[in-house]
Amino acid sequence: MLTILFYLFIAVVAVQFLYYIVVFGKFSFAKWTSAPQKRVPISVIVCAKNEEEHVKEFVPLLMQQDYPDFEVVLIDDASSDETLELFEAFEKQYSNIKLVKVQNNEAFWGNKKFALTLGIKAAKNEYLLFTDADCYPASTQWIKEMSSQFTAQKT
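An account of the accompanying structure is given in this report.

What counts, and at which threshold
Residues numbered from 1 in each chain as written. Predicted model: local features only at pLDDT ≥ 70, side-chain atom pairs only at ≥ 80, totals over all residues. Heavy atoms only, no water. Buried < 20%, exposed > 50% of the residue type's maximum accessible area, 1.4 Å probe, protein only. Helix = DSSP H or I, 4+ residues; strand = E, 2+ residues; numbered from the N terminus. Arc of directions from axis to C-beta. Contact = heavy atoms within 4.5 Å. Salt bridge = Lys/Arg side-chain N within 4 Å of Asp/Glu carboxyl O.

**Some points on helix α3 (residues 83-93)**
Three or more residues of α3 are buried, namely Thr83, Leu86, Phe87 and Phe90. Projection of α3 onto a plane perpendicular to its axis shows the buried side chains occupying an angular sector of 100°, all on one side. Tucked inside the fold, the buried residues of α3 contact β1 (42-48), α2 (52-63), β2 (70-77) and β3 (97-102).

**A short note on the pattern of salt bridges**
A side chain of one charge can pair with a side chain of the opposite charge if their charged atoms are brought near each other. One pass over the structure, following the stated rule, counts five salt bridges. Between Lys112 and Asp132 there is a salt bridge; the shortest N-O distance is 3.0 Å. Taken as a pair, Lys112 in helix α4 (residues 112-122) and Asp132 in strand β4 (residues 127-132) lie far apart in primary sequence, 20 residues in all. Lys112 sits in the partly exposed class, given a relative accessible area of 37%. According to the relative accessible area criterion, Asp132 is partly exposed, its value standing at 26%.

Below, the structure is given as structure tokens:
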């Protein structure tokens, strides 16, 4: 009886192994191909509220991106710390930074959507990338890698 169960177990494992090779083999052994590089103008939209400490490190990293045509739209969402002053200094330092100042508005108080809407309207490019001040780019190729997945069709 044990011998029959052992052979049955071996048969089931063999079938599962063959299934794995057939179904997942094309993914496992396929060569990785990179997407064709697109060079569309990009607007990177960054919304920050009281992110003074992160902004000091984030903006210089973002400005080091290896991409030919991009602008950065910095949105100060009514910060109570020095975020706005830092944004203004960076706007003077870099020509491709645009600053959007959001004032407290009772109708839209505490609403990040309102700040992002103002940033989108201020952006000059059709293709937009959104990030936060505490999300540092992993490399100088971040915009290039993200834009390589853009398509002309709406899905």
